[in-house]
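# Breakdown of the fold
Below, each chain spelled out in residue letters.
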Amino acid sequence: MNLNPKKIPFSRFGSYIAVKQNKINHKICISTMHGFWGDEMNLFNIIPHKGHVDLDYKIKMLPWLLTIETGYGDIFVTLNQSNGVLIYAKDVGVKIEPVGKSERKKIDCIESKGYFDFWDGRLNTVVHCIEGHFDFDTLITQSNDFKLYIAISGIETEKLTIPDCLDEFDAKTIEEEYKSWVAPLLVECGYYKDTAELAAYILWSSGVRPCGHITNNTILMSKNWMHYVWAWDHCFNAIALVKAYPQLAWDQISVFFNNQCEDGKLPDLIYPNDMNLKETKPPVHGWCVEKLLDAGLKISDQDLQKFYNKLIAWTNWWFENRDDDKDGICQYNLNNESGHDNSTVFDEGRPVETPDLTTYLILQIKCLKRISKCYSCMQMRKNGTKCKKIY
């Protein structure tokens, strides 16, 4: 499967980095998923270079390897499962072009091998020259055989040293990981196999490891530019994953409830460095969890009890904070809280009582009733009594 980096970024599960191609200037850019919006995500351009000249190139993008093809040689890019990029080549050089304002803090070089790092008020970024020669003033390789390691962190004091082992950057290893991961998602795809594989790649490549407010393995909405997790999109990812990866599906639910406010409200969105508490999203979580249970998801008694209490708090928050006239019909105070930001239902002003919100809450209460029956089973099991299976 060949992919287009102008449409779909190159990344892998676990990584907070994506590589993509600008649709306007066609430059290849390294971007971060640490919460910055639009062009602020972009940190470096990768520019093929030889003999003081920038080169024309083509891109071949496989899920596990990005190849920049020139008339002299090829540049290869792979990622690890956290914050690192490995760029290497033979017979061609490269220029690393910082995007936006940055301030170099330190340069440490011995015979053109070493690293520089900088902090731009948001990110700690380090470039290491592992093999070859690299001019740390011009950021251009001085040899046509080279290996560069770039690491990015949202923590200024984190030491971004070269990993002891670079095996996780090996393209063959990543290929095996990818094929193993997508295989359960491609069962019984038939005629739609190509579309299903593209969807599976997007799920896999949009995954990140726990970091900050991202408390679980989590699927971002995209690593293109909407690289956050919103408080209802994550439910749809959970439903897509539940049969192939039930624990990962449950992680999608848990990550938001791990960030729940004391009054029961869920954040509108979360990302490693922060979350938006000014608004929220529709209460589709009860509906979603019933879908997961219907699909066969098994939840431990401890996790189910914890979720039950959190779902009660989330449901009560709506009735306590979004029902001004106390008629039992909740309202949206903000367009964005409906998930239909530009809907004409808000043309006459706000707040608005809508049938979809009422339906979500009814389904959420239905889910709570189902879980409450499971509580009875828990108590019966503790007492050594057989319990009828609920789900």
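The structure under discussion appears in the preceding block.
Heads up: these notes are all about the structure in this document. What you are looking at is a predicted structure, and each value in this text was computed from that prediction instead of being measured.

Within strand E3 (residues 42–50), eight of the nine residues are buried, which leaves the element mostly enclosed by the surrounding structure. The pairing of strand E2 (residues 28–32) with E3 spans four bridges and is classified as antiparallel. Within E3, the residue paired with Ile30 across the bridge is Phe44. Relative to strand E9 (residues 93–98), E3 is paired through six bridges, and the arrangement is antiparallel. The residue of E9 that forms the bridge with Ile47 is Lys95.

Taken as a whole, the largest pocket encloses approximately 370 Å³ of empty space. Together, 18 residues line the largest pocket, and Lys20, Asn22, Lys23, Asp39 and Asn42 are the ones closest to its centre. Of all elements in the fold, only strand E1 (17–21) and E3 reach the threshold of two or more residues within the lining of the largest pocket. When its residues are assigned to classes, the lining of the largest pocket shows six nonpolar, seven polar and five charged.

This part covers the packing of aromatic side chains. For the coordinates displayed, the defined rule picks out 21 aromatic pairs. Measuring from centroid to centroid gives 5.6 Å for Tyr228 and Trp230, while their planes differ by 55 degrees, and the two rings are tilted. The same class applies to Tyr228 as to Trp230, namely buried. What links up through ring pairs into an aromatic cluster is the set Trp314, Trp317, Trp318, Tyr332 and Phe346.

By the bridge criterion, five bridges tie strand E5 (residues 58–62) to strand E6 (residues 65–69) in an arrangement that is antiparallel. In the strand pairing of E6, Met61 is matched with Leu66. Between the antiparallel neighbours E5 and E6 lie two residues.

Moving on to helix H3 (residues 233–241). Looking only at H3, the buried set comprises His234, Cys235, Asn237, Ala238 and Leu241. Summarising the axial view, the buried residues of H3 lie within an arc of 160 degrees, below the 170-degree limit, and thus occupy one face. Structurally, H3 contributes buried residues whose contacts are with helix H1 (171–182), helix H2 (193–205), strand E17 (218–219), strand E18 (229–230), helix H4 (246–257) and helix H5 (285–294).

The next subject is the side chain of Gln364. Turning to its location among the elements, Gln364 is positioned in helix H7 (residues 355–382). Beyond its immediate stretch of four places on either side in the chain, Gln364 contacts Pro283, Val284, His285, Gly286, Leu311, Trp314 and Thr315.

Attention shifts here to the pattern of salt bridges. For the coordinates displayed, the defined rule picks out twelve salt bridges. One salt bridge connects Asp268 with Lys281, and the closest N-O pair in it is separated by 2.4 Å. With Asp268 in the loop between H4 and strand E19 (269–271) and Lys281 in the loop between strand E20 (274–276) and H5, this pair connects stretches of sequence that are 13 residues apart. We note that Asp268, like Lys281, is buried. Across the salt bridge formed by Glu337 and Arg322, the nearest N and O atoms sit 2.8 Å from each other. With Glu337 in the loop between helix H6 (301–321) and H7 and Arg322 in the loop between H6 and H7, this residue pair connects regions lying 15 residues apart in the sequence. You'll find Glu337 and Arg322 in the same group, each marked buried. One salt-bridge network, held together by shared partners, links Glu290, Asp294, Lys366 and Arg370.

Cut-offs and rules
- Residues numbered from 1 in each chain as written.
- Predicted model: local features only at pLDDT ≥ 70, side-chain atom pairs only at ≥ 80, totals over all residues.
- Heavy atoms only, no water.
- Buried < 20%, exposed > 50% of the residue type's maximum accessible area, 1.4 Å probe, protein only.
- Helix = DSSP H or I, 4+ residues; strand = E, 2+ residues; numbered from the N terminus.
- Pairing = 2+ DSSP bridges.
- 1 Å grid on protein atoms, 1.4 Å probe; cavity = no way out; pocket = protein on both sides within 12 Å on 5 of 7 lines; lining within 4 Å.
- Points joined across faces, edges and corners; volume = space filled by probe spheres on them.
- Nonpolar A, V, L, I, M, F, W, Y, C, P; charged D, E, K, R; others polar.
- Phe/Tyr/Trp six-rings, centres within 6.5 Å; stacked < 30°, edge-to-face > 60°.
- Arc of directions from axis to C-beta.
- Contact = heavy atoms within 4.5 Å.
- Salt bridge = Lys/Arg side-chain N within 4 Å of Asp/Glu carboxyl O.

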